[in-house]
Each structure stands twice: as C-alpha cells, then as structure tokens.
Protein chains: 2
Amino acid sequence: MEQRIALLGCGNVGKALIGILNRKGRHLEGAYGVRMRLVYVGDPRVGAAADSQGLDPGAVLEMLDRGALPEAFRGDVSEVVKSMGATVVADATPTDLRTGEPGLSNARGALSSGAHFVTTSKGPLAVAARELEEMARERGLKFLYEGAVMSGTPLISLIRNGLAGCSISRIEGILNGTTNYMLTRMAQGLSYPEALEEAQDLGYAEADPTADVEGFDPAVKLCILAWVAFRREIGVDQVDRTGISGLTGEQVERAARSGRSVKLVASLWTQGESIMAQVKPQELEADHPLHGIGGAVNAATIWTDHLGKVTVSGPGAGRDETAQALLTDIISIGRD
Amino acid sequence: MEQRIALLGCGNVGKALIGILNRKGRHLEGAYGVRMRLVYVGDPRVGAAADSQGLDPGAVLEMLDRGALPEAFRGDVSEVVKSMGATVVADATPTDLRTGEPGLSNARGALSSGAHFVTTSKGPLAVAARELEEMARERGLKFLYEGAVMSGTPLISLIRNGLAGCSISRIEGILNGTTNYMLTRMAQGLSYPEALEEAQDLGYAEADPTADVEGFDPAVKLCILAWVAFRREIGVDQVDRTGISGLTGEQVERAARSGRSVKLVASLWTQGESIMAQVKPQELEADHPLHGIGGAVNAATIWTDHLGKVTVSGPGAGRDETAQALLTDIISIGRD
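Residues numbered from 1 in each chain as written. Chains lettered and ligands numbered in written order. Predicted model: local features only at pLDDT ≥ 70, side-chain atom pairs only at ≥ 80, totals over all residues. Heavy atoms only, no water.

### Points about the overall build of chain A
Along its length, chain A carries 12 helices and 12 strands. A compact globule built from 336 residues should have a C-alpha radius of gyration of about 20 Å, and chain A, at 20 Å, falls within 12% of that. Its C-alpha atoms give chain A principal-axis dimensions of about 60 × 45 × 35 Å. Sequence separation of at least 24 residues holds for 69% of the intrachain contacts in chain A that already meet a minimum separation of 6. Accessible surface, chain A: about 13,100 Å² in total, of which carbon and sulfur atoms supply 46%. Of note, chain A has its 33 positive side-chain charges centred 4 Å away from the centre of its 42 negative side-chain charges. (Helix = DSSP H or I, 4+ residues; strand = E, 2+ residues; numbered from the N terminus. Rg over C-alpha atoms; globule rule 2.2 N^0.38 Å. Contact = heavy atoms within 4.5 Å. Areas by Shrake-Rupley, 256 points an atom, 1.4 Å probe, with all protein chains shown as cover. Lys, Arg positive; Asp, Glu negative; His and termini not counted. Charge placed at Lys NZ, Arg CZ, Asp CG, Glu CD.)

Here it is, written out as structure tokens:
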C-alpha cells in the first residue's frame, strides 16, 4: 500500500528522514510492501515543498542544503492533509513540554482530517496522550510516537507488541544519555564539572544542562511510559525527582572501584492502585541488568508476569536514530 | 475480534498457555480487543477436548491434571480447523529438527484450511520456513514463531516490528541458556564437569547434553534468525560450529579474573552476497553488550544502519515464558 507522507519540521531529524527515504525508498517498498511517497515538507523557518504526485527526496535535500524551500509554509495541517491527500503526518518539530506545541496542534489537525499521526516529540504526549489516542482510535487511525523515548531504540514497540499479553509491574530505565555519559566518565575519574564540560563539548549536553542533570528529561519520559505501559496519565510534578548535580566524581568513582555503578535510574512501578514514578541516582550491583550500560546508551528493564525481566538497550538520541522511529511507525501503519 | 484457538500439544508449554487463558482471558479481551476462545485442545498422549462454543480453560486444566482428556486425539489438523471453526492453530508440540514433525504437518494443515499458525517449535522453521511463510502470505494468513528463539523474549518481534526500516548487518547472540549458565558458574570457579552436573540437576541440561554443549541448539536458532533478519534459508550444516566441551573451568575463570567473560556467541553476518553463521566460544571485553549476560539468560545484539547496536535480553526458556510467545503471536494477529 502507499503512504502519502506530510513531513512537518526540517531540522536534523526531518532531514534525516528525507535522507533515508531518498536512499532506501525502493528497498522499503520491496521489504514491507509500503510505498513511501513524500507529498509535503514544511518548516516555518525554511518554507515548504509540495507535490501530490510525490516529491523527489534528493531534490528536497538539495533545496534544504541551499537553505530554503520554494513555497510558503502552511500552518494549517488539516488543509495540508486535505489538499495533498496525505495519509500520514510525520511530526519532527521541536518539543515544548508545557504547551505541547506545535506537535499538539499538528496531531489534532492530522487526526481530525483523517491522517495517521507519528511524532518524535514528547510535547503532545506530555499534555494530551489520552485525548490524542482516543481521537485516533475513534477514527480508526494510528497515533504513534516511538521516537519520544529512547529515539529509535524500540522500547515502545517492545512494550506494545513484543510483550503483548504480559502484565508489567515495574520499569527501570536509563533514559537520559547525557547524564549516563557523565556518570560513566565520573566513574573513570573525572569530576562533575569536568564531565559536564566534556558532555557539552561533545554536543550531548546543552549550554543550560538543567533538563538533563536535574532529571526533568527522564521524568517526562516516565510520564510517557506510564501511559504506554499502564494506561495512566501522570504529570511530571508527580515524579519524585533527584538529579545528578549533587554527586561528586569521588562518590561515583568509589562505587565503581567496589564493583557497583552509579546510574540515574528512572523507575515506574505499581503500588496498589497507584503508579509510582521516581528519578534518582542509584548504586547498582553488578547483577542488575542496567549495571553495565555505559556512555550515552539508553536502556530499560521491564518486569513482567510471564517473562520475568526483559531488557532492551540502544541509542537514546541522534538524527538517524530518531528518524528511524518515524520510519518504523510509518511502516507499522501500512505494511503487508 | 474473536480468535478461536485450536491448541496442539499439552506438555508444559501447552498447559501454561491454557493456564494464562484461564487467569487472564477477560483481561486480554479488555486490553487488546481480542476475545480468546479455546475450541480444541489435543495431544496424542492424553486425547482431546473440543467445544465449538468454547472450552472452559480451568476445566481442561483439571482434566489434564487427572491425566486424560475425554475425546480421541485427531491427527488431521485441517479437519479440526474446519469442524471447530478454528481461526488460529497454536502448536506447542515437541521439536524434531530433522523432519520438522509434527509441527510441519500441523502448519500445512492449518494454513491450507484457512487458519493462522503460531508455533514454539524450531522444527518446521528448520526445514520449511520459506514454504510456510509463502503459503501463509498467499492466503492472507499469519505464520508466527516468536517462541522458536529465546522463548517469549521478543527478539523476533524486535527485528520484524521494532527495527522495521533498518538494515541489519550483524547479529551476535547468547542463544543457549544452559551453556551460558555453565560458563557463568565456571567463571566462578567450577570445573566443566561440575558445571554440567549442576546444570543437569537444575533441569537446564538434558541427560545427554550434546545439543547444548556442542552448540547445535544455537546453530539451529541462527538458521531461524537468518530467515527472520535476512530472508535467507541456511542449513545447520552451514553454521561453523564449536561448542564449549573443549573449555576448562580454569580458562573461563582466568578470563573472568582479567575482566573478560567467555560466552558461547552465535553470530550471523553479511559478507558480500553471503550470510556467514558461526557458533563459537569467545572472550568478550567488558564493553561488549553481551559481556554481562549471566546465568540462564539469553540475549542478542543487532547491528543496524540507523541505530548502531540494539540489544535485547531476557529468559530463553521456561513454560510460562514460551507460552507467552504463543500469546503475543495470537494477539498480534487480531488486535485492535
């Protein structure tokens, strides 16, 4: 079948998706029976390109490299979907965790006009996961967001598909690569300021590292996982949150020398009828599944009734990695 | 939607599936929109039970505990499917890797009469993966086998669904829990004979441990993964295979003392147009994703173009664990 894709957002992730479609479009059609036709690309910063017959992804990339697309950006997603006959809107816009915008309006516009919606943005999930999922379900559409947690490492697919039928009692994750990189380097002898500076130099940490080092980023991801795994909406203020800024390199190195590793563990578990959520540095023993997860890698361990513990690890960020999440979501909608 | 299940095989795995349906049937319907109706249960050793209105799983379990089912076992799966209106045949019969039977005939019988086929048996895959998958595809049916590798740990779902769109270049796995348990104990100071005896006492190893310790079991699993990941059929004789029986406890312990771990690694990779497959003990450095996988746990690392390395680990055997694989396969056929 054909997926007619309207892509919103031409930053690193959007460009990476266009690049993948350019390199692998024909292969994807053969392997999954899904014909990927890019009908619209738009970003308020660079304009838009549209062709209901299908854009040439290579030509779009060249235009983006030159800095601009030929048409005016259109803010009304419903209008884009209808005029271009888009079957799926792929949202790679920046995240605003407070308002959920622009992803939230993009989602409502896509779903209300009959298109599936796939996103890498945490924003719409943080503020309206249930609303959007119900909106999609009522219309027989898909609302998918593999890239919102651990980029393309398929944690959400694992929970939804691979573990279907299991009951989950607990999830523990290393959901922030920046702090895991810092802790790995502190275990090797760096001080906290040295580790932070190195993470900033490598582009892992922002100039203002608060969202990472104070644990806001993994806390938001826990809220998304609470919805995925337990169908419960919790707010980030309900997460008991401690970051890593109170740790010294000495503490982390001392734990490493005694065979333990300090990790910023994001945990979610059931307690009676409640869902408990916590982000906190913990010293993990050598037999903990997350003990050996080093560097900017992300990982999550899921406790289940039928399988005991299952762990998945992989990249937690990156342009191709996050674009891959959009791709697997699009393929899952329409494959053979 | 409703899935009308004909279950073949009432050993530990079959009974575990009936137990799960008994405990969680109503929950599964609510969570996935799939109504599980068990219409037939049969095993040549204990007879059969059939009710086109749906058997009571609890009553079937009680009959099995008393040692027999009320009706005669029926060998003709097509006849069972047609007379009971089964929509899916769940196969939990023993594996014969040489003939693929009885799973192979069960698969052909189910698919030719219009029922989906899900199995935990490596046999049908080892001898006829392509034939059965094409047979299913032509008829618009599913042929699924999550339980054939790593029991219910969803490695196959990860490759098929979670990594859809990625190109895979290499897989390395610890696909045999018995030998991984033995190697873990040898690293702790046991000799090879001591580790083998302990694994036999715990029920991990058979009285004749050849299939495990000589690497036949992971070699067959590599053949299945070659089909899943690369759409290539290779025979077990094409796997370059070395088991662990040539290792001493001393060797394994010495590696552990120097920070490496000896693992029986099953590897699959592309080389030009060829698929290479190898089972071989290897000393893994501390930064290898499989380094810390201890005890009877299984794990696999998958090298991809878009995501780099992704690793999944979990149980590789067990009755509930393997029944879970059948369950997730059945849910994936007919969920909302």
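### Some thoughts on the interface of chain A and chain B
Across the boundary between the two partners, chain A contributes 39 residues, which contact 39 residues of chain B. Surface buried jointly by chain A and chain B totals about 2,900 Å² across both partners, of which 46% is contributed by carbon and sulfur atoms. When the buried surface of chain A facing chain B is broken down by residue, H306, L307 and Q324 of chain A rank first, second and third, together holding 20% of it. Counting the contacts that link chain A with chain B gives 2 salt bridges. (Buried area = accessible area lost by both parts, 1.4 Å probe. Salt bridge = Lys/Arg side-chain N within 4 Å of Asp/Glu carboxyl O.)

### Some thoughts on the relation of the copies chain A and chain B
It takes a turn of 180° to lay chain A on chain B, together with a shift of 0.0 Å along the axis; the resulting RMSD is 0.0 Å. Each copy turns onto its partner about a two-fold axis. When C-alpha distances to the rotation axis are compared across chain A, the minimum falls at V312 of chain A, with a value of 2.2 Å. Both copies present the same face, since 100% of the interface residues in chain A are matched by interface residues at the equivalent positions in chain B. (Least-squares fit on C-alpha atoms with pLDDT ≥ 70 in both.)

### Re the sheet that holds strand 12 (residues 308–315) of chain B
Taking strand neighbours across the sheet as the criterion, the 12 strands line up as 8(A)-10(A)-9(A)-7(A)-11(A)-12(A)-12(B)-11(B)-7(B)-9(B)-10(B)-8(B) in an open arrangement whose pairing is mixed. Single-partner strands in this sheet number two, and they are strand 8 (240–241) of chain A together with strand 8 (240–241) of chain B. In this structure, strand 11 (residues 297–304) of chain A lies alongside strand 12 (residues 308–315) of chain A, joined through 8 bridges in antiparallel fashion. Counterpart to I302 of chain A in the pairing with strand 12 of chain A is V310 of chain A. Contacts between helix 7 (residues 177–187) of chain B and the sheet are confined to strand 7 (168–174), strand 9 (261–271) and strand 11 (297–304) of chain B, with strand 9 of chain B contributing the most and set at about 140° to the helix. (Pairing = 2+ DSSP bridges. Axes fitted to C-alpha atoms, helices over the stretch in contact; angles between N-to-C directions.)

### Considering the pattern of salt bridges
All names here are of chain A. Considering all chains together, one arrives at 34 salt bridges over all chains under this definition. Ionic pairing is found between D43 and R45, a salt bridge with its closest N-O pair at 2.9 Å. R185 serves as the salt-bridge partner of E198, at 2.5 Å between the closest nitrogen and oxygen. With E198 in helix 8 (residues 192–201) and R185 in helix 7 (residues 177–187), this residue pair connects regions lying 13 residues apart in the sequence. Here the salt bridges share partners, and the residues they tie into one network are E2, R4 and R37.

### Section: the sheet that holds strand 6 (residues 143–144) of chain A
Residue and element names in this part refer to chain A. One open sheet holds the 6 strands; their spatial order is 3-2-1-4-5-6, and the pairing between them is mixed. One side of each edge strand has no neighbouring strand; the edge strands of this open sheet are strand 3 (47–50) and strand 6. Along the sheet, helix 4 (residues 103–112) makes contact with strand 1 (2–8), strand 4 (88–91) and strand 5 (116–119), crossing strand 5 at roughly 160°.

### As for helix 3 (residues 77–84) of chain A
Residue and element names in this part refer to chain A. Turning to helix 3, its buried residues are V77, S78, V80, V81 and M84. Projected down its long axis, helix 3 shows its buried positions confined to an angular sector of 165°, all on one face. Buried positions along helix 3 lie against strand 1, strand 2 (35–43), strand 3, strand 4 and helix 4. Sitting at the head of helix 3, D76 places a side-chain oxygen 3.0 Å from the backbone nitrogen of S78. Just downstream of helix 3 lies G85, where phi reads positive at about 60°. (Buried < 20%, exposed > 50% of the residue type's maximum accessible area, 1.4 Å probe, protein only. Arc of directions from axis to C-beta. Polar contact = N/O pair within 3.5 Å; in protein donor to acceptor, adjacent residues only side chain to side chain.)

### Some thoughts on the environment of P57 of chain A
All names here are of chain A. Considering the arrangement of structural elements, one finds P57 in helix 2 (residues 57–65). For the pair formed by P57 and I20, sequence separation is 37 residues and the distance between their alpha carbons is 8.9 Å. Sequence-distant contacts of P57, defined by excluding residues within four places in its chain, comprise I18, L21 and N22.

### Here's the deal with the pairing of strand 9 of chain B
Residue and element names in this part refer to chain B. Of all 11 residues in strand 9, 9 are buried, a share of seventy percent or more. Here strand 7 pairs with strand 9 via 4 bridges, running antiparallel. Counted as the bridge partner of R170 is W269 from strand 9. Pairing between strand 9 and strand 10 (residues 274–284): 11 bridges, direction antiparallel. Its bridge partner being in strand 10, L264 is matched across the sheet by P281. Hairpin remark: strand 9 followed by strand 10, antiparallel, with 2 residues in the connecting loop; positive phi at G272, about 60°.

### Here we look at the domain arrangement of chain A
Interface size, as often reported, equals the accessible area lost upon joining of the parts. Residues and elements named next belong to chain A. If you check the domain split of chain A, you get domain 1 (2–152 + 319–334) and domain 2 (160–315). When each unit is reduced to the centre of its C-alpha atoms, the spacing between domain 1 and domain 2 is 29 Å. Every contact between the two is made by 15 residues of domain 1 and, on the other side, 18 residues of domain 2. Of all residues in domain 1, R130, V149 and M150 give up the largest surface area on contact with domain 2, accounting jointly for 45% of the area buried on that side. The tally of links from domain 1 across to domain 2 stands at 4 salt bridges. Close ionic contact of R231 with E133 constitutes a salt bridge, the shortest N to O distance being 2.7 Å. One can count 8 residue pairs in polar contact (both at pLDDT 80 or more) joining domain 1 with domain 2. Considering each element in turn, the side of domain 1 that touches domain 2 owes the most residues, 6 residues, to helix 5 (residues 123–138). Considered class by class, the residues forming the side of domain 1 that touches domain 2 number 10 nonpolar, 1 polar and 4 charged. (Domains from an automatic or database assignment. Nonpolar A, V, L, I, M, F, W, Y, C, P; charged D, E, K, R; others polar.)

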